[in-house]
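# Structural overview
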Amino acid sequence: MLVHVHVHVHVHVHVRACVHVHVDVDVHPSWPISQLSIVDRNLLRLAIYELTVEKASPPKVVINETVELAKIFGSDNSFKFINGVLGSVVEAEKLSTR
């Protein structure tokens with residue numbers, strides 16, 4: 001039960017931070033944000049916030065955790081798309097994956 005409470009608090013803090021900072025997900029001109037499911041869009045927002053603002057976890061961990069969440073809660077192949085987008089963010093931000 002304690003783990004569940006910790007996860008809830010952790011997610012709540014991240015969501016509030018994302019809303020406050022308003023992390024935009026500019027995925028790709030040919031794939032408008034409106035075409036992403038709400039779950040996929042918000043997973044990307046949280047992960048991009050963690051990668052570019054918070055920077056508390058290694059990029060590989062952020063990507064792997066987000067991909068696993070996308071496999072569980074996202075649409076059929078969204079985990080592949082999310083993995084690609086986050087890989088592009090890491091590359092664009094020149095974040096170390098080591």
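Residues numbered from 1 in each chain as written. Predicted model: local features only at pLDDT ≥ 70, side-chain atom pairs only at ≥ 80, totals over all residues. Heavy atoms only, no water.

### Quick look at the overall build of the chain
- Helix and strand counts for the chain come out as four helices and zero strands.
- Taken from N to C terminus, the helices and strands of the chain fall in the order α-α-α-α.
- When burial is assessed residue by residue, the chain has 30% of its 98 residues classed as buried.
- Of all intrachain contacts in the chain linking residues separated by at least 6 positions in sequence, the fraction that spans at least 24 positions is 60%. (Helix = DSSP H or I, 4+ residues; strand = E, 2+ residues; numbered from the N terminus. Buried < 20%, exposed > 50% of the residue type's maximum accessible area, 1.4 Å probe, protein only. Contact = heavy atoms within 4.5 Å.)

### Remarks on helix 3 (residues 59-73)
- With 15 residues, helix 3 should reach 21 Å at 1.5 Å per residue; the first-to-last C-alpha distance of 21 Å fits that figure.
- Residues of helix 3 that are buried include every one of P59, V62, I63, T66, V67 and A70, and no others. Viewed along the axis of helix 3, the buried residues span an arc of 125°, placing them on a single side of the element. Pointing more than 90 degrees away from the buried face of helix 3 are the exposed residues K60 and I72. (Expected span 1.5 Å × (residues − 1). Arc of directions from axis to C-beta.)

### Structural notes on unusual backbone geometry
- Its identity is not glycine, yet K55 carries a phi of approximately 55°, on the positive side.
- Residue placement: K55 occurs in the loop between helix 2 (38-54) and helix 3.
- Of the residues examined, K55 reaches a relative accessible area of 54% and is grouped as exposed.

### Comments concerning the packing of helix 2 against helix 3
- Contact pair helix 2 / helix 3: the axes reach a minimum separation of 10 Å and the direction vectors enclose 170°. Here helix 3 runs roughly antiparallel to helix 2, going by the angle between their axes. Seen from helix 2, the contacting residues are V39, L43, A47, E50 and L51; seen from helix 3, they are P59, V62, T66, L69, A70 and F73. (Axes fitted to C-alpha atoms, helices over the stretch in contact; angles between N-to-C directions. Parallel < 35°, antiparallel > 145°, perpendicular 65-115°, else oblique.)

### What about the nonpolar core?
- Among the nonpolar cores identified, the biggest contains 16 residues, and L44, L51, I63, I82, L86 and V90 are the most heavily contacted of them.
- Secondary structure elements with two or more residues in this core: helix 2, helix 3 and helix 4 (78-92).
- Aside from chain neighbours lying at most four places away, what touches L86 is L44, A47, I48, L51, I63 and T66. (Core = buried A, V, L, I, M, F, W, Y, C linked by side-chain atoms within 4.5 Å.)

### Description of a nonpolar patch on the surface
- Where nonpolar side chains cluster on the molecular surface, the patch consists of V39, L69, I72 and F73 and spans about 380 Å² of accessible area.
- When residues of the nonpolar patch are assigned to their parent elements, the largest contribution, three residues, is made by helix 3.
- Looking at the secondary structure, you find F73 in helix 3. (Patch = residues over 30% accessible without salt bridge, like charges linked within 9 Å, V, L, I, M, F, W, Y side chains within 5 Å. Areas by Shrake-Rupley, 256 points an atom, 1.4 Å probe, with all protein chains shown as cover. Salt bridge = Lys/Arg side-chain N within 4 Å of Asp/Glu carboxyl O.)

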